Structures are given as C-alpha cells and as structure tokens.
Amino acid sequence: MRQTLQNIFRLGIKELRSLRTDPVLLLLIVYSFTYAIYAVSKGMSFEVADASVAIVDEDRSALSHAISEAVLKPYFKSAVEIGAADVDKAMDAGRYVFVIDIPPSFEKDTLAGRRPGIQLNVDATAMAQAGNGAAYLESIIDDEVRNYLRATMNTPPLPINLVIRTKFNPNGTSYWFMAIMQVVNNITILSIILTGAALIRERERGTIEHLLVMPVTPFEIMFAKIWANGLVILASAILSLIVVVHLLLGVPIQGSLLLFIAGAIIFEFSVTALGILLATFSNSMPQFGLLAMPILVILELLSGSTTPLETMPGWLQFIMELTPAPHFVSFAQAILFRSAGFDIVWQDMAILAVIGAVYFAIALMRFRNAIVRFQ
Amino acid sequence: MPAAEPTSPAPFAAEVSGLRHVYGKTVALDGFSLAVPAGRLCGLIGPDGVGKSTLLSLIAGVREIQTGEVRALDGDMRDPIHRSVSHRRIAYMPQGLGRNLYPTLSVFENLDFFGRLFGQGKAEREARIAELLKATGLDPFPDRPAGKLSGGMKQKLALCCALIHDPDLLILDEPTTGVDPLSRLQFWSLIARMRARQPGMSVIVATAYMEEADRFDWLAAMNAGRVIGTGTPGEIKARAGQATLEAAFIGLLPQELRASHQPVVVPPRVDDDGVPSIEARGLTRRFKDFTAVDHVSFSVGRGEIFGFIGSNGCGKTTTMKMMTGLLPASEGEALLFGKPLDARDMEVRRRVGYMSQSFSLYSELTVLQNLELHARLFRLPPDHAGERIAEVMQHFELDKIADERPEALPLGIKQRLQLAVAVLHRPEVLILDEPTSGVDPIARDVFWRYLIELSRKEGVTIFLSTHFMNEAARCDRISLMHAGRVLAVGTPAELVKASGETTLEGAFISYLEAASEEAGQREEEDASAGTVYPEPPPRRHRYDPLRFWAYARRETMELIRDPIRLAFALLGPIILMIAFGYGISFDVENLPYAVYDQDQSRESRELLESFSGSRYFSEHTPITSASALDQRLKRGELKLAVEVPPEFGRDLLRGRQPEVAVWLDGAMPFRSDTARGYIEGLALTYMADEIQRRTGRPANVTAADVETRFRYNQAFKSVYAIVPGVIMLMLVLIPAMMTAVAVVREKETGSIANFRSTPVTKVEFLLGKQAPYFLTACVSFVTLLLLAVLVFGLSIKGSFLVLVAGSLLYILATTGFGLLVSSFTNTQIAALFATVILSLIPSVNFSGLLVPVSSLSTAGRIFGLAFPAAWFQQISIGVFTKGLGIAELWPALLMLAFFFVLFTGLAAVALRKREA
C-alpha cells in the first residue's frame, strides 16, 4: 500500500516534469485561465446588454422622442435613427437586432385612446437576445406611453403591485455567471486533453512499454496521471477564480471556497478519468483529438452552463446526466451563487465520485489490452 | 583557376571550414575543418557524440549553419538557391531505425512517395522500386506496412528511399545500425552497384562498424569535435602501426582514452545445473496474417550469456517481448525462474531488467531524472540509490551529461542510458534487445566487460540479441533464428564447426542462405548494372504541382488507412449537430416554481391559477414557510417562487394594491430574465382580467399595442438559429485540429526530415498536408447540409451558390488556421490543445452563434471578427434563414479568402526548411 502510494507519487512527479518541458503548452494553460476567462466574461453576455436598436420615427412627436430616449444602457445601445426604407437592408446585414417603427400620428392616436400599433422588428436568429430584448422593449414602450398619458390624463391604478426580486445575483450581471462557468469549462477541456494525451504520448513514444515491465501497475500509472495533471489544472483554476474572477472581474464568491475546492477535486478526478478512458479508445493522437473534440464541445455547451438544462429533450438530459459536467455546474452554481452548504450539495458530489469511479474502472479494464493492441 | 568543366567532377564532395555548432550549452563542433574527396566512398568514424551527425546534417543542408562555411557539390550551402538545387542532387538518410518512414504506408508506397517527390514518371518509379527492393531483399514484402517491418528492414527501406533519385551525393548516418550481417552485405553491394552505374557519385557514411569502414575508400577519424586523422584505411592503419582498423582507431585517440581500453576477455563459465532462469517451450506468436514466432524453445541457465542472432524480422524482438510479458503468447509457455510467467507479478518484474530495441525512456526528463525515476520505481533504498546511480553513470560515462535530455543526445549515448537503466536495480535476469546497436566500438567493449562481470561474478543471466558477430562470439551459447524459427543452438564454436565455415559471420550467412534456399527465395545476382534513366526535366523550384500532389496523395492514403480517424472526423460533426440541434435551446420552458400562499383566499387562488395554466412554468409542492422558500431556491430545486402576503384578497378588494413578491434564482441571468418577461406578461393579463371582473368592462392595461415581428424565424425556434451555427462550428474545430496535428505529428515522429532533405518547398508541403483535410471537411459539409435540410427541416432561402462558395473558402481558412497552429507547436499535445483553446472561444462565444456580433463589447467584437468563424456565421445564417445572396455577403466571402491567404502565408513564413 505504501509502495503503491510512493509509485503513484513518483510517476506523478515525472508527469509534472514532462509538462514543464513544453513551454507552448504551459503558455496555453495560462492563457486559458486568464485572458480567455476575462475576454469571454467581459465580451459577451446572454442577458440583454448593449443590444443594438434602431428606430424609425415617422411620428416625430414628444411621445416618440420620449420612447427613443428611453432605450437606454445597460440593456441597449442608444437607439440609432434610420429611415423606413433602410429597415430590411440593415436587418439583413445584422446591424441591428431590434428595429422600432413608430407610425405617423402615433401620439395623436394614443391620446385619442385609439390604441395605435407600434411595430417592433426582431432579428429572431439572435436567439439569446431576441426574446428577452423584445419583452424589455415592449415594457419600455408601454411604460413610456403610460407615463405620458398619466401626465396628461387620469388612468386607473393597477390592482396589484408586482415585485420581482432576484436572489443570488440581484443585478443579473451575466459576466458573474459567464466567468465562473468559463473556469468550469476550461477545467473540463484541459483535464480531458492533458491526461488523455499524456497516455497516448507514452504509447506513441514507446515509454509505456518500459513502464509495463517495471514493478508498477496500470492502476498506479493511471492514478499518477490523474493527480499530476489534476493538480496543475486545479491549482491554475483556483488561482484564476481568486485572481481573475474575484479580484479582477469583481465577482463576489458567496459560499465556502473550501467546499468548492473539495468538489472540484472530485470533479477533476472524474474528467481526468474520462480523458484516460477516451485515450484507451484511440490508437494515435489524431484519433484521440477527433474523439475528444466533439465530447468537449458537448460537455461545454450542454452542461447547463450555457443554456438551461431543463429545456433539452429528455433523452439528451439523461445522456448528459451520465457525464460529470452538469453535476459540477449545478454544484458550482449552488455554492458560488447561492452559498449552499454541504447539506445541499452532497448529492452532486456523490454522483460525481460515482461517475469518476466508473470511468476509472472501465479505463483500468481496457488499459493493458489497449496497449497490446497498439503494438 | 578556370571554371570547372561540366564533365570533370569537383575535387571535393564537401568542404567545411571553421565550423562551430552549439546545442544549448553543449558544443558539438568547434573550429572544425574537413574536405571530403568527391566520387569516393568516404567514412566518418569516431565515438558517439563527437559531432558526426551534426556534420552530416550540415553538409546535407537540413540544418542551419551557425558559424563557419559549408560547401557541398561545389556550392555554398548558405546560399538558398544552391541549397534548393542541391536538394535534388543530395540524398540524406538520417539516424534512427527508419524514423523518416510512414508506418501505415506499405513498402512500395513509401518508395513511390519519394519517387514522386523527385518528379519521376510512373514507369520509371516502378522500375526503380523493383530494382531497389530486389537489391535489398525487400521484394517479398512490397505490401507490408512500414510500421510492421523489423528495425533492420526499416533501415533498408529508408536507404532505398534515399537512393531512389540517383543522387550525386549520398549522405548516410549510421545506415547499417541494427541491420543483420546478411542484409549488411546486400546493402553494401547495392551501394557498390549504384556507384558502378554512376561513377561520379560521392558517398559519405558515418558508421560504428570498423569492419565496414575498412572497406571504404577514404576515412576521417573524429574525436571530441575534431579530426584526428584522414586517409585510406590502409594509410590510417599504417600510421598507427596496427593490423586492424579498430586497433588503429584506438591508437589515434588521446592518451587518457587509450589507457582505459583493454581487450575483452571472457572467463570460462562454471556450469550451473539448477533451474534454468529463462525457458521457452514451444512459444508461438501469431499476428493477424502471419506467424512472427513459430514454436520456439530454448532454455538459459543461471549466469549464462545467451545470444540471439538472426536476420531482421525473424522474430527476435517478439520472442523477447513475450519473455517479459509485454506480449501474450498465442501458444506455448514462457518460464522465468522455473515458474510460468505472470505479466502481473510485480516480484518477478523486479528481478528482471529489460531494454527495448527502440528508445523507450522519457525524452522529456534529463538523464539523471530518468535514472532517479527508475531507482524509485524499482524500490532501491533511498540511501543506497544515489550511490548506485553515481556508479552506473560513471560506468556508462553518463556523468557529464547528467542534466541533459535524451532527445538531444546521439543514438549511441541513448543506448548507453537505456543499458544503465536496465541494470540499475541489479536484476537477476537481463533481457536486452540489440543493446549495442549504434554504440561505438570502445563503449561496446566497456559494456561487454561489464556484462561479463555481472554474469561471472554475480551470476546474472543475460539474454541478448545482437548483429555484431564479435559480440555473438563472446556469448556462452547462441541461438540462430530465421523466419520465426530457431535454426540452431549451441556454443559459437559448435555452430562454426557445423557449418563448415571459419568465422561466425560466415557460419551465420551460410545458415541463412541455406534457409532462404529451402524457402525458395534464392536471390539471383543481378548481373546488369541497372538502367540509366534520363535526368528528369528541370523543375521549377517555387511551386511544382507534382510535389504538392505527392504530399497530398500520401497524406490522403494515411488518412484512408486509418478508418477510425476518418469515421471520427465524419461522424463527430453529425453527432454534434443532432445533440445541439435538439439540445441548445433558448426556449425557456417548464421552469420549476412553487407558491407560498399565506392568504389561501379565492382571490389568491385566482392569481396563482394564471401561473399554473402557463406552459412556461411547472408547479411543485407549495412552500410552507419563509425558510423553506429560501432553502428550496438555494438547492436549485425551484427557479422561482411566488409569495402571496396574508390578507391579499381583502387588500385587493379594498383597492389597496397588495404586493405580490416573485423570487427568481438569478444564478443564470439569461433564464431569470426570460422568466421575468413571462411573469410580467402573466401579471398584465391577470390585471386586465381583474379589472374586468371588478368593473365589468374590458380594460386595457396598456395604452399602445406593440406588434412584435420575429423576422427570419417567425416561429422563434432555436433550431433555425442553432443548426446553421453548428455547421460553422464543425467546419472550424475539426478541420483545424486535424491539419494542425497532422503537421506536428511529422515533427514528433521524425518524418519531417523528408521535408527538409528533399526539393519539396514549404508551400507545396503545407498545401499538400492541407488538401486531404480540406476534402474531408467538404464531405462533412455535405453531410451536415443534408442533415440540416432533411432532419431539422431547414430550407435554404438564400443563394445556395454563396453558401457553397463560403463553405469552401471557410474550410480553406480553418485548415489554414491549423497550419498556423502547427508552426508554433512542437508536440501533438500542444497542437491539439492550442487548436481547441484558440478556436473554441472565438467560434463559440464571439462568432454570433449565441449572441449577435453587433451586441458584443468592442473587444469581443474585434476578437470575433479577427477569426473566420464570425464571417462564415453571417453567410450560414444569412443564406439559411435570411435569404441573402452575393449582394449582401460578398464582404464576408472576401474576408474568408483573406484569412486563408493570411494563415497559410504566416504558416509558410514560420515553418523552417532547415533545423536550428
């Protein structure tokens, strides 16, 4: 037992030394946990922010002016006025997501209680912003019209006072979410590629053959890869979480960082085991790359970190449940946003551990055969 | 001096002066000058690591000159024009067991590739290949993949590849290392025939075989980066006053090196009648279509030195691998220490030391780190380990290079390191597969003295294979193998006697010839001097479609040979499109919610009914307390909670505007924003109904009517927006990665040497590598298009032609991006990782797939537009959903073409034709 631990430790040190000799690789790891996180969380958001709006003002009244002025940051960029003839061209080119068309004599008709129509054109290919942005614009227009009317005549008060409060991320700033999810995604990508490729490299260079005549077991070889690569990735991830996400981007970290780290270790185990498992299914680095790539993209986009999990069809949800990503995303959200404690997240942790153990066990069974087959 | 006549050859094949070459801190050559005569067979001899390989690569023009002058074929090798002319006249065969071959290609295809690179026509190629294969005895296996050849056969094939274009200058770096004596004979007679046909041809060879060097026309003996003697073998022997070249070479060495050398003496072995340490009983190994080892039986006593000799590819390595448990036997039994071998038995492993034929230590760890790793894994006691490591390092002369990494070391020194590792843990049995291949004569003797000491003093059993007959003669017993069977076993003297020859080498050759005759494979000596082919027409140096085609064709064949890779490349995108087409949806539905109704009145139920009736929400069991509300949201079970205050109904009826609170989980802002919109909508409807209930007439809560028109996607379904995006995503990630890894793979496996030493230009090489992945991606595009139309029901509203043109340009750009990545990465891991990390972010986040480009921050927009994905996304979405054509999309097409030129151009600039 002590011997096993020592072997795992020694082989792991070897992994770390190998990693150190590839400066390009190290640079890429740094990039993926610094600038990549920053750029994504600052560069895009799913919330309606800075959406581009144009307005066709055929009324030129105080009311139409008020509506145009009400389209405000941070949700929208200031509305640009365009001519009615330019609407199609501008939208075809994707210059604006929303175009508001205020018809002639809109103000007059409104005051006369004729409920005039106001047209809102939405580029529905911009899925993430189209729906929510349209809803916002509708309510902005509505509010403006109502305020305008209230100033000029009496309208009945609303029967209830609806208050919508957002918990855990009260301002709805999506870069909080994006930043943390980007860290999680990068952990997945790095773990699968580094660990899996480390095994393929040993096979391609023939060093695994040497290992297999030494008194070390496949279990030790695999575990060494897991801890060494996992350590590098986790250390960078946690550093990134504290320095880039917390200090630089100013995202508050609500829950216990220690609990998060504990979960991250279990997650790390499961994804590195997945990396090794994939490596046992491929004979060469190009094959491994092609196998890993779709899996990485699926884990990134369908884990619930980009779009909500509950909108996926049932069969797909079920498949995704068998991968570690959605469990860790739900775990990370619970701790980092909702400051959940162990009593709430233990289930996710347990599932992650089971998934990791299953991957590891299958990889272990395939290990020796996969290597003999390769020769 | 007048210019040389075209007919009279230059006096020197190569001339170097004042040459200095440094690798990091190691000086390989310093103030080195040498003139190698033309038209002759010239040898470089000297210990490992004296700069022979560096010198040869500089003369061949595959390495950048640091300081000094190199002239070859009467021209300056610093001059790029002369270099590019020379590439067609020089053939260079690098060190290593066929490292420049393509393992999945057959013997014939490898040769065919080289023939094409030199612009030979079909008939000429076939004739030359047939001749070369016959001359080297490879003719029975033209269809065997190069990767399945034995080490020596690979060497022969590599030589054939070098000889295919009738070079004027042939540069061979240890060409016969690991080649069996019979093949060596065939090898040199092939060279002799080539020279007879082409009398002007100069040959420069580095070799560790002194018997071979003895037959050369001219020799240069090197030591420590300097020349210590030149002349014919006879002159060198005469100068040193020695009868053999080996002795003469030792005589030329400086005093202190000479002093350490003594002849190897083998003391007689005392017979040990105990249990044999190694025993094979009818050991057989079959691969798919042939039997590599056929019922081999032998036994090796404790302390015996047992040698395996035999032709290349006869099954020696396979037998040894079975004895270590690396390969399971198909039939028969392997016994170690009298017990059947169990591959999982750690105790047995610790008693065995193994050295494989090809280098199998960690090239990314230093020499010392490799030794330390093995010491720990073999459980040497820590206090003893340091001492033991120092001991073997001294013994194998590794102490000066303790902190260097093996990848930079010459073959002979790598072999020493492998030996040092194999004996480090004092095993009782040593299994050594060609341990001395590529090692210089002096170091070989040092090593043999060590083995003999182990055997005689410590009773270590040694089982080794070798191609050196003087080494075989030192074994207690040898076993001669051929074609998977043992031909004879006995002491060297017995075998010589039985064959009726005088030397072991003679005995070996006669045994093998007899065996080949039996098998009906007798070779007829080729009497003709070979056909002389006309010089191929001079080819343009900038760009030659034939060389491009040679690379493209070869790369395509390698891809086709790897059906798994091809399948992954084509199936991956299909699976992804299905997963994303169904999986990525911005339609927020079925949000789990619960109510905390503290009023429980008719009015509160009316309010809550508007929620339960909506398809956007799905109701969970009601909340009973304020703390439960908190807990359930925290757990993520609920995404929103509706709280109705006590007295709600009464307040409502009295017109007091009671407050209804809705709590949203804001962890995922997109979802909470959407939910907010839904709730506001529901509330407005509820309020309108409520006013109507009280006043009895329809009420308008809103004063104006906003008509929202969802353009391009009236149904507002995610699939119409996502599927075109998936095409964009798949045509960047997979083609870029395949291309990048394919190029870097050549760097890692060593076949990049062919790019350096042949006339192929950078652009031909890069485009040739790119072509098959471009085609694969085109096929992928067609399948994705069909999937989009047939399965997801998308229709192409715009110009189909623009979509096709855009896709082709986009694939060119993304495979070009792969080429660019390959130019700054040196390992496949880094290349894989770099393409994923560098292309995933701009294509997923900043391309317009998830968020429109016009809504990105300025930095994000620049990031996105600086990558082809965002431009193709405009085309894909534009043609599929917006019905656009060339009038709107020409700028995007232009940008994609620009990216292709930019990426490929940058990759060509960054790629180095010569090694640093």
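Here the structure is a predicted model, which means the values were calculated and not measured. (Residues numbered from 1 in each chain as written. Chains lettered and ligands numbered in written order. Predicted model: local features only at pLDDT ≥ 70, side-chain atom pairs only at ≥ 80, totals over all residues.)

1. With respect to the overall build of chain B
Of regular secondary structure, chain B possesses 33 helices and 25 strands. The globule rule puts the C-alpha radius of gyration for 916 residues at 29 Å, and the 37 Å found for chain B is more than 25% above it. Once the C-alpha set of chain B is aligned to its principal axes, its extents read approximately 125 × 75 × 55 Å. Residue pairs at least 24 apart in sequence account for 76% of intrachain contacts in chain B once pairs closer than 6 positions are excluded. (Helix = DSSP H or I, 4+ residues; strand = E, 2+ residues; numbered from the N terminus. Rg over C-alpha atoms; globule rule 2.2 N^0.38 Å. Contact = placed C-beta atoms within 7 Å.)

2. Details of the overall build of chain A
When you go through chain A residue by residue, the secondary structure sums to 15 helices and five strands. Along the first, second and third principal axes, the C-alpha atoms of chain A reach 90 × 45 × 40 Å. For chain A, the proportion of its 375 residues judged to be buried stands at 57%. Contacts spanning at least 24 positions in sequence make up 81% of the contacts within chain A whose residues lie at least 6 apart. (Buried ≥ 20, exposed ≤ 12 C-beta atoms within 10 Å, placed from the backbone.)

3. A closer look at helix α14 (residues 382-395) of chain B
Residue and element names in this part refer to chain B. In a regular helix each residue adds 1.5 Å, so 14 residues correspond to 20 Å; α14 covers 20 Å between its end C-alpha atoms and thus fits that length. When α14 is considered as a whole, its buried residues turn out to be I389, V392 and M393. Buried residues of α14 fall within an arc of 100° about the axis and therefore sit on the same side. For α14, the exposed residues lying more than 90 degrees away from the buried face are D383, H384, E387, E391 and Q394. For α14, the secondary structure elements touched by its buried residues are α13 (367-377) and α15 (411-423). (Expected span 1.5 Å × (residues − 1). Arc of directions from axis to C-beta.)

4. Examining the domain arrangement of chain B
Residues and elements named next belong to chain B. Taken domain by domain, chain B comprises domain 1 (285-351 + 427-520), domain 2 (362-426), domain 3 (545-580 + 717-910) and domain 4 (591-695). The distance between the C-alpha centroids of domain 1 and domain 2 comes to 25 Å. The interface is formed by 13 residues belonging to domain 1 together with 11 residues belonging to domain 2. Of all the secondary-structure elements, those providing two or more residues to the side of domain 1 that touches domain 2 are β17 (429-433) and α16 (441-458). Counting residues per element, the side of domain 1 that touches domain 2 draws most heavily on α16, which supplies three residues. (Domains from an automatic or database assignment.)

5. Description of the interface of chain B and chain A
At the junction of the two partners, chain B supplies 126 residues and chain A supplies 124 residues. Per-class residue counts for the side of chain B that touches chain A are 71 nonpolar, 31 polar and 24 charged. Taken together, the seven bridges between strand β5 (residues 161-167) of chain A and strand β24 (residues 659-665) of chain B define a ladder with parallel strand orientation. Bridged to R165 of chain A within β24 of chain B is W663 of chain B. (Nonpolar A, V, L, I, M, F, W, Y, C, P; charged D, E, K, R; others polar. Pairing = 2+ DSSP bridges.)

6. Brief notes about the domain arrangement of chain A
One frequently used descriptor of interface size is the decrease in accessible area upon assembly of the parts. Assigned domains within chain A: domain 1 (2-44 + 173-374) and domain 2 (53-152). On a C-alpha basis, the centres of domain 1 of chain A and domain 2 of chain A stand 46 Å from each other.

7. Brief notes about the pairing of strand β13 (residues 305-310) of chain B
Residue and element names in this part refer to chain B. Burial analysis of β13 places six of its six residues in the buried class, the great majority of the element. Because side chains alternate across β13, one face comprises the buried residues I305, G307 and I309, and the other comprises F306, F308 and G310, equally buried. Sheet topology places β13 next to strand β18 (residues 461-465); four bridges connect them, and they run parallel. Bridged to F308 within β18 is S465. With five bridges connecting them, β13 and strand β19 (residues 477-482) associate as parallel partners. Bridge pairing links G307 to I478 in β19.

8. Quick look at the sheet that holds strand β1 (residues 12-23) of chain B
Residues and elements named next belong to chain B. Spatially, the four strands line up as an open sheet ordered β2-β1-β4-β5, and their pairing is antiparallel. The sheet terminates laterally at β2 (26-37) and β5 (75-76), the two strands that pair on one side only. In terms of strand pairing, strand β4 (residues 67-72) meets β5 through two bridges, oriented antiparallel. Bridge pairing links A72 to G75 in β5. The sheet contacts of helix α1 (residues 52-60) involve β1, β2 and β4, and relative to β1 the element is tilted by about 120°. (Axes fitted to C-alpha atoms, helices over the stretch in contact; angles between N-to-C directions.)

9. So, unusual backbone geometry
Residues and elements named next belong to chain B. One non-glycine residue, L73, lies in positive phi territory at about 50°. The topology assignment puts L73 in the loop between β4 and β5. Residue L73 is classed as buried on the basis of its 22 C-beta neighbours within 10 Å. Its identity is not glycine, yet D74 carries a phi of approximately 65°, on the positive side. Position of D74 among the secondary structure elements: in the loop between β4 and β5. Looking at D74, the number of C-beta atoms within 10 Å reads 16, which means it is partly exposed.

10. Here we look at the environment of P142 of chain B
Residues and elements named next belong to chain B. With respect to the helices, strands and loops of the structure, P142 is situated in the loop between α4 (122-136) and α5 (151-163). Classification of P142 by C-beta neighbours within 10 Å gives partly exposed; the count is 14. Considering only alpha carbons, one finds P142 and V107, 35 residues apart in sequence, at a separation of 5.0 Å. Among residues more than four places away in sequence, those in contact with P142 are S106, V107, F108 and L133.

11. Overview of the packing of helix α29 (residues 800-824) of chain B against helix α30 (residues 828-845) of chain B
Residue and element names in this part refer to chain B. Viewed as axis vectors pointing N to C, α29 and α30 meet at an angle of 125°, and their least axial separation amounts to 10 Å. Comparing their axes, α30 and α29 come out oblique. The chirality of how α29 crosses α30 is right-handed. Contacts from F817, G818, V821 and S822 in α29 reach A831, A834, T835, L838 and S839 in α30. Of the residues assigned to the contact of α29 with α30, the class counts are five nonpolar, four polar and no charged. (Parallel < 35°, antiparallel > 145°, perpendicular 65-115°, else oblique. Left-handed = near helix turned anticlockwise from the far one by under 90°.)

12. What to know about the nonpolar core
One finds I180 of chain A together with I171, I204, A420 and L896 of chain B to be the most contacted residues of the largest nonpolar core, which totals 384 residues. In terms of residue count, the dominant contributor to this core is helix α26 (residues 718-749) of chain B (22 residues). Apart from the residues lying within four places of it in its own chain, the contact partners of I204 of chain B are A13, A14, V36, C42, L44, L56, I59 and I171 of chain B. Among the nonpolar cores identified, the runner-up in size contains 28 residues, and I623, L638, V660 and Y678 of chain B belong to it. (Core = buried A, V, L, I, M, F, W, Y, C linked by C-beta atoms within 7 Å.)

13. Focus: the packing of helix α21 (residues 563-583) of chain B against helix α28 (residues 762-791) of chain B
All names here are of chain B. Two elements in contact, α21 and α28, have axes whose closest approach is 9 Å; the angle formed by their N-to-C orientations is 30°. When the axes of α21 and α28 are compared, the pair comes out roughly parallel. Between α21 and α28 the crossing geometry is right-handed. Contacts between α21 and α28 involve A569, L570, P573, I574 and M577 from the first element and T776, V779, S780, T783, L784 and L787 from the second. Taken together, the residues of the contact of α21 with α28 sort by class into eight nonpolar, three polar and no charged.

14. Some details on the pairing of strand β20 (residues 485-490) of chain B
The pairing of β19 of chain B with β20 of chain B spans five bridges and is antiparallel. Paired with L480 of chain B across the bridge in β20 of chain B is A488 of chain B.

15. Comments concerning the environment of D123 of chain A
On the secondary structure map, D123 of chain A appears in strand β4 (residues 117-123). Using a count of 30 C-beta atoms within 10 Å as the deciding quantity, one classes D123 of chain A as buried. Here the alpha-carbon distance between D123 of chain A and F98 of chain A, two residues 25 residues apart in the chain, equals 6.5 Å. Sequence-distant contacts of D123 of chain A, defined by excluding residues within four places in its chain, comprise M91, G94, V97 and A130 of chain A together with R711, Y712 and P852 of chain B.

16. Notes on the sheet that holds strand β10 (residues 226-231) of chain B
The strands that make up a sheet pair up through hydrogen bonds in the backbone, lying either parallel or antiparallel. Residues and elements named next belong to chain B. With mixed pairing, six strands are arranged side by side in an open sheet as β6-β7-β8-β3-β9-β10. Unpaired on one side and paired on the other, β6 (90-93) and β10 mark the two borders of the sheet. Neighbour-to-neighbour, the strand axes of the sheet open up by a mean angle of 15°, direction not taken into account. The pairing of strand β9 (residues 218-223) with β10 spans five bridges and is classified as antiparallel. Within the sheet, the bridge partner assigned to N223 lies in β10 and is R226.

17. Quick word on the environment of F846 of chain B
Along the chain, F846 of chain B falls in the loop between α30 and α31 (858-865). Remark: the alpha-carbon pair of F846 of chain B and F867 of chain B, spanning 21 residues in sequence, is separated by 9.1 Å.

18. A look at the confidence of the model for chain A
Low pLDDT marks stretches whose predicted atomic positions should not be read closely. Overall, the predicted model of chain A reaches an average pLDDT of 84, with 93% of residues at or above 70. At the low end of the mean pLDDT range in chain A sits β5 of chain A, at 77; at the high end sits helix α11 (residues 257-280) of chain A, at 92. (pLDDT = per-residue confidence, 0-100.)

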